[in-house]
Amino acid sequence: ISDLEVVSEEENGFLWSIRYDVINPQPGEPDHVVVATTRPETLLGDTAVMVHPEDARYTRLIGKTVKLPLTGREIPIIADDYVDREFGTGVVKVAPAHDFNDYAVGQRHGLPTIGVLTLDARINENAPSKYRGHGRFDARRMVIADLEALGLLESVKAHRMMVPRGDRTNAVIE
């Protein structure tokens, strides 16, 4: 689909805040960060979390690693001035295969790109087996339920956001 065939409109959605535990935190330092996202299923393809380099809340954590929920992978905490310190928690997940801005961040920081969606928006073989083959919205429900069961879902808030849809089918474009 061409970008010319995509229409983005503001819609009601949600902002999920998810806990990512810091690996080997030092005494007195935070033992986790909280990431706010509108698409929790894409966390399966995260390759970093990022903070603003001048955000005093997080500067001690730059260069440390966190455990990516539901996957067991360890990913770095990076600093990039792309982060809006005022939005959400000031910590952003980076899934370079699933967002144009994340892709640019990934290129700047040499991050791997892990795609977790097939062309028909199902979870692919790069994700844990439990989620494979499920459509994105079913996978989203599963991811949220699993995060909640593990005590990693901090909050869910109503959120207005831009949603890209195909102009002929009205389907959400990933």
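Preceding this section is the structure that the text describes.
Model, not experiment: these values are computed from the prediction.

Caption draft 1: Structural view of the overall build of the protein chain. Of regular secondary structure, the protein chain possesses two helices and seven strands. Ordered by position in the sequence, the α and β elements of the protein chain form the string β-β-β-β-β-β-α-α-β. The C-alpha atoms of the protein chain give a radius of gyration of 16 Å, which matches the 16 Å a tight globule of 174 residues would have. By principal-axis analysis of the C-alpha atoms, the protein chain measures approximately 55 × 35 × 30 Å. A burial count over the protein chain gives 43% of its 174 residues as buried. Pairs at least 24 residues apart make up 66% of the contacts formed inside the protein chain by residues separated by at least 6 positions. Of the roughly 9,300 Å² of accessible surface on the protein chain, 50% is carried by carbon and sulfur atoms. Distance between charge centres in the protein chain, computed from 20 positive and 27 negative side chains, equals 4 Å.

Caption draft 2: Representation of the pattern of salt bridges. Summed over all chains, the structure comprises 10 salt bridges. Here D46 ties to K93 by a salt bridge, and the two come within 2.6 Å at their closest N and O atoms. A residue pair is termed long-range when its members are at least 10 positions apart, and D46 in the loop between strand 2 (32-37) and strand 3 (48-51) and K93 in strand 6 (residues 91-94) qualify at 47 residues. Pair check on accessibility: D46 and K93 agree, each one buried.

Caption draft 3: Representation of unusual backbone geometry within the structure. Of note in the backbone geometry, N24 takes a positive phi value of approximately 50 degrees without being a glycine. Its location among the elements puts N24 in the loop between strand 1 (6-22) and strand 2. Classification of N24 by relative accessible area gives exposed; the value is 62%. The backbone of A121 sits at a positive phi, close to 65 degrees, despite the residue not being glycine.

Caption draft 4: Quick look at the packing of aromatic side chains. What the rule picks out here adds up to one aromatic pair. Measuring from centroid to centroid gives 5.7 Å for F14 and W16, while their planes differ by 50 degrees, and the two rings are tilted.

Caption draft 5: Structural detail: helix 1 (residues 100-109). Of the residues making up helix 1, those classed as buried are D102, V105 and G106. All buried residues of helix 1 lie within an arc of 100 degrees about the axis, which places them on one face of the element. Along helix 1, the residues that are exposed and aim more than 90 degrees away from the buried face are F100 and R108. The inward-facing, buried residues of helix 1 abut strand 3, strand 5 (74-79) and strand 6. At the N-terminal end of helix 1, a side-chain oxygen is found 2.8 Å from the backbone nitrogen of N101, two or three residues along, and the residue is D99. One or two residues past the end of helix 1 sits G110, with phi positive at roughly 65 degrees.

Caption draft 6: Inspection of helix 2 (residues 136-149) at higher detail. The terminal C-alpha atoms of helix 2 lie 20 Å apart, and with 14 residues this matches the ideal 20 Å at 1.5 Å per residue to within 8%. Among the residues making up helix 2, those that are buried are R136, A139, R140, M142, V143, I144, D146 and L147. Directly after helix 2, the chain includes G151, whose backbone phi takes a positive value near 75 degrees.

Caption draft 7: Main features of the pairing of strand 5. Bridging between strand 3 and strand 5 involves three bridges; their strand directions are parallel. Bridge pairing in strand 5 places V51 opposite A79. Hairpin geometry of strand 4 (residues 65-67) and strand 5 is characterised by an intervening segment of six residues between the two adjacent antiparallel strands and by a positive phi of about 70 degrees at L70.

Calculation rules
Residues numbered from 1 in each chain as written. Predicted model: local features only at pLDDT ≥ 70, side-chain atom pairs only at ≥ 80, totals over all residues. Heavy atoms only, no water. Helix = DSSP H or I, 4+ residues; strand = E, 2+ residues; numbered from the N terminus. Rg over C-alpha atoms; globule rule 2.2 N^0.38 Å. Buried < 20%, exposed > 50% of the residue type's maximum accessible area, 1.4 Å probe, protein only. Contact = heavy atoms within 4.5 Å. Areas by Shrake-Rupley, 256 points an atom, 1.4 Å probe, with all protein chains shown as cover. Lys, Arg positive; Asp, Glu negative; His and termini not counted. Charge placed at Lys NZ, Arg CZ, Asp CG, Glu CD. Salt bridge = Lys/Arg side-chain N within 4 Å of Asp/Glu carboxyl O. Phe/Tyr/Trp six-rings, centres within 6.5 Å; stacked < 30°, edge-to-face > 60°. Arc of directions from axis to C-beta. Polar contact = N/O pair within 3.5 Å; in protein donor to acceptor, adjacent residues only side chain to side chain. Expected span 1.5 Å × (residues − 1). Pairing = 2+ DSSP bridges.

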